Amino acid sequence: MELEDCQSEKFATRIIGAKFKKEDAHGAISMPIYRNAAFEYPSSEAIANAFQNKTDSHTYSRISNPTVENLELRMKIASGAESVMAVSSGMASISNTFMALAYAGSNIVTSPHLFGNTFSLFQFTLAEFGVEVRFVNTDNLSEIEAAIDENTCAFFCELITNPHMEIADLPKIAAITKAKGVPLIVDTTIVPWCGFSAKKHGVDIEIVSTTKYISGGATSVGGAILDYGTFDWSKSKKLAKAVSNNTSMSAFMYKIKREIARNIGACMDSETASLQALGMESLELRFERMSQSAYYLALYLSENSKVKRVGYTKLESSPYKKISDQLFPSNPGAMLTFNLATKQDCYRFMDRLKVIHRATNLFDNKTLIIHPESTIYGTFTPEMKQVMGIEDNLLRLSVGIEDVEDLKKDILQALAF
Ligand SMILES: *Cc1c(COP(=O)(O)O)cnc(C)c1O
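Everything numeric in this text was worked out from a predicted model, so none of it was measured.

Structural notes on the sheet that holds strand E7 (residues 223–227)
Taking strand neighbours across the sheet as the criterion, the 7 strands line up as E1-E7-E6-E5-E4-E2-E3 in an open arrangement whose pairing is mixed. Single-partner strands in this sheet number two, and they are strand E1 (83–87) and strand E3 (132–135). In this sheet, neighbouring strand axes are inclined to one another by 20° on average, regardless of whether the strands run parallel or antiparallel. In terms of strand pairing, strand E2 (residues 107–110) meets E3 through 4 bridges, oriented parallel. Counted as the bridge partner of valine 109 is arginine 134 from E3. Against the sheet, helix H3 (residues 66–79) makes contact with E1, strand E6 (205–209) and E7, and its axis sits at roughly 130° relative to E1, the strand it touches most. In the packing of helix H5 (residues 116–125) onto the sheet, contacts are made with E2, E3 and strand E4 (152–158), and the angle to E3 comes to roughly 125°.

So, in structure tokens, the structure goes:
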């Protein structure tokens, strides 16, 4: 598969075979959970060296922890990133990233079609610190180009927008952001590393909510920031001064690891890291099964007369089919959306389901359904919902690993209202 061309072993083999950074004293086959808060040293000089980053060791688990570091190493192997930082949630990965890049008077260029809390972070939280958000239609490349100016700290988008199911043309956008000297930051939560290579498609900084695919079945909340080492930070107004730092980290990752993440304190805990490192071992297996089932159900739903429209970018009916095939060599993942005639029909359908679970979240082992307009976007005003493009007759399905024929039967009986 093309995703692997620079590494000799295939995805699952590389993850499962990943060595620990240091040999375990007892030969544990899985990384132990280091649940301790602090690490002790044999002398005052040794602890001083550790605090001054002269040694590659741990001092306090808010700053770094061996079990979390082991997960970061696996994510690095999975993605080909230059450096990785695990944090406490997907939102923590976005907020840490923008605390590092944004400043009063700067702006973020993005789509209004964003995960609800990301929208709220940009529109409300960061706005109070003097950061402007500029919403553009990401299908319109000249609009993106025109919105970027000397105070743009980043262009940000989601790999496939949710629930709209749009795909930004990353290779073309990467050419624009590169020419303008602005980092391209993409939230790729929707398709994991075994199905999409951020490195190959010009992404500078990748954001992942590891709560979703990585956690191995909704086991825990977590997030990650991945730096591909591709952006020239001397072009960043805020980070230009910090470009040389005597480490192998970029100015961005140095700022995140040595300042922002410590100060914000949204660290990943070791138990989460252990669960998620285990989740990564079955990632490709789960992704393949879920996304194949999602494609099958998307085709099936497309044929039902009660279903007005299906959103899945591999379908011929998707305006994003071409870019979808280009970015995702196998499948565009396990999430699909569909419209029924009315909101009332959506509620009726949901209430009749017996196998599929009514719950938020994505990429659990269980199949989940939600009505986004009344839940995830339930507290936004009607005007905001319009800006965000949220329809009230739309349902979102995250397809799990149950037998797909049972899922199909459940959908069929629930549609018979
Ligand atoms: C869930 C999600 C987030 C937020 O992640 P948390 O782990 O819940 O904080 C961000 N972006 C996308 C695309 C998501 O699906």
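With respect to the sheet that holds strand E8 (residues 309–311)
Spatially, 5 strands are ordered E8-E9-E12-E11-E10 in an open sheet, and the strand pairing comes out mixed. Looking at strand neighbours, the two that pair on one side only are E8 and strand E10 (357–358), the edges of this open sheet. Where strand E9 (residues 335–339) and strand E12 (residues 394–398) come together, 5 bridges link them in antiparallel fashion. Across the sheet, threonine 337 pairs through a bridge with arginine 396, a residue of E12. Taken strand by strand, helix H10 (residues 283–302) contacts E8, E9 and E12, and its axis lies near 10° from that of E9. Here helix H12 (residues 343–352) sits on the sheet in contact with E9, E10, strand E11 (368–370) and E12, set at roughly 30° to E12.

Observations concerning the side chain of asparagine 70
Along the polypeptide, asparagine 70 turns up in helix H3. Judged by relative accessible area, asparagine 70 falls into the buried class, the value being 6%. In contact with asparagine 70, not counting residues within four places along its chain, are Lys19, Phe20, Met31 and Ala277.

Structural notes on the site of the ligand
Near the ligand, the surroundings consist of Ser89, Gly90, Met91, Phe115, Asp187, Thr189, Ser209, Thr211, Lys212, Gly222 and Leu362. One of the backbone nitrogen or oxygen atoms of methionine 91 is found 2.9 Å away from an oxygen atom of the ligand. Between the ligand and serine 209 there is a distance of 2.8 Å, counted from an oxygen atom to a side-chain nitrogen or oxygen. Computed on the free molecule, the ligand has an accessible area of 380 Å², of which 89% lies beneath the protein chains in the complex. When its residues are assigned to classes, the shell around the ligand shows 3 nonpolar, 6 polar and 2 charged.

Points about the UniProt feature "modified residue: N6-(pyridoxal phosphate)lysine" (unreviewed entry) in the protein chain
Residues annotated in UniProt with the feature "modified residue: N6-(pyridoxal phosphate)lysine" (unreviewed entry) correspond here to Lys212. Examined against the element boundaries, lysine 212 turns out to sit in the loop between E6 and E7. When near neighbours in sequence (up to four residues on either side) are disregarded, lysine 212 contacts Thr189, Asn361, Leu362 and Phe363.

Quick notes on unusual backbone geometry
Across the junction of asparagine 162 and proline 163, the peptide omega takes the value 10°, indicating a cis bond. Positionally, proline 163 belongs in the loop between E4 and helix H7 (170–180). The backbone of alanine 218 shows a phi angle near 55°, a positive value even though the residue is not glycine. Along the chain, alanine 218 falls in the loop between E6 and E7.

Observations regarding the pattern of salt bridges
Under the defined criterion, the tally for this structure stands at 15 salt bridges. When the shortest N-O distance is used, the salt bridge between arginine 309 and glutamate 391 registers 3.0 Å. Of this pair, arginine 309 sits in strand E8 while glutamate 391 is found in the loop between helix H13 (382–388) and E12, placing the two residues 82 residues apart along the sequence. Between aspartate 325 and lysine 321 there is a salt bridge; the shortest N-O distance is 3.1 Å. Of this pair, aspartate 325 and lysine 321 both sit in helix H11 (residues 321–327), 4 residues apart, roughly one helical turn.

Re the pairing of E7
Within E7, 5 of the 5 residues are buried, which leaves it mostly tucked inside the rest of the structure. What you see with E7 is no split at all: Gly223, Ile225 and Asp227 on one side and Ala224 and Leu226 on the other are buried throughout. Sheet topology note: the E1/E7 ladder contains 5 bridges and is antiparallel. If you follow alanine 86 over to E7, its bridge partner there is alanine 224.

Topic: the nonpolar core
Counting residues in each nonpolar core, the largest one holds 56 residues, and the members touching the most others are Phe155, Leu159, Leu170 and Trp193. Two domains each donate at least three residues to this core, and these are domain 1 (3–280) and domain 2 (283–414). The residues touching leucine 159, leaving out its near neighbours within four places in the chain, are Glu166, Ile167, Ala168, Leu170, Val186, Asp187, Thr188, Ile190, Val191, Phe196, Leu327 and Phe328. Ile225, Leu239, Tyr377 and Phe380 belong to the second largest nonpolar core, which has 39 residues in total.

Brief notes about the side chain of histidine 371
Relative to the assigned elements, histidine 371 resides in the loop between E11 and H13. At a separation of 2.6 Å, a polar atom in the side chain of histidine 371 contacts the side chain of serine 374. Here the side chain of histidine 371 touches aspartate 392 through a polar contact of 2.7 Å, landing on its backbone oxygen. Other than its neighbours up to four places away in sequence, histidine 371 contacts Lys343, Cys346, Tyr347, Met350, Asp392, Leu394 and Leu395.

Details of the domain arrangement of the protein chain
Examined at the domain level, the protein chain breaks down into domain 1 (3–280) and domain 2 (283–414). Inter-centroid distance (C-alpha atoms) of domain 1 to domain 2 is 27 Å. At the interface, 44 residues of domain 1 touch 37 residues of domain 2. The largest share of the area that domain 1 buries against domain 2 comes from Met165, Ile167 and Tyr213, three residues that together contribute 23% of it. At the boundary of domain 1 and domain 2, one finds 0 salt bridges. Looking at the side of domain 1 that touches domain 2, the elements that each hand over two or more residues are helix H1 (11–16), H5, H7 and helix H9 (270–281). Broken down by element, the residue count for the side of domain 1 that touches domain 2 peaks at 5 residues, all from H5.

Rules behind the numbers
- Residues numbered from 1 in each chain as written.
- Predicted model: local features only at pLDDT ≥ 70, side-chain atom pairs only at ≥ 80, totals over all residues.
- Heavy atoms only, no water.
- Pairing = 2+ DSSP bridges.
- Helix = DSSP H or I, 4+ residues; strand = E, 2+ residues; numbered from the N terminus.
- Axes fitted to C-alpha atoms, helices over the stretch in contact; angles between N-to-C directions.
- Contact = heavy atoms within 4.5 Å.
- Buried < 20%, exposed > 50% of the residue type's maximum accessible area, 1.4 Å probe, protein only.
- Near = heavy atom within 4 Å.
- Polar contact = N/O pair within 3.5 Å; in protein donor to acceptor, adjacent residues only side chain to side chain.
- Areas by Shrake-Rupley, 256 points an atom, 1.4 Å probe, with all protein chains shown as cover.
- Nonpolar A, V, L, I, M, F, W, Y, C, P; charged D, E, K, R; others polar.
- UniProt positions renumbered as here; feature names shortened; annotations may be inferred.
- Salt bridge = Lys/Arg side-chain N within 4 Å of Asp/Glu carboxyl O.
- Core = buried A, V, L, I, M, F, W, Y, C linked by side-chain atoms within 4.5 Å.
- Domains from an automatic or database assignment.
- Buried area = accessible area lost by both parts, 1.4 Å probe.

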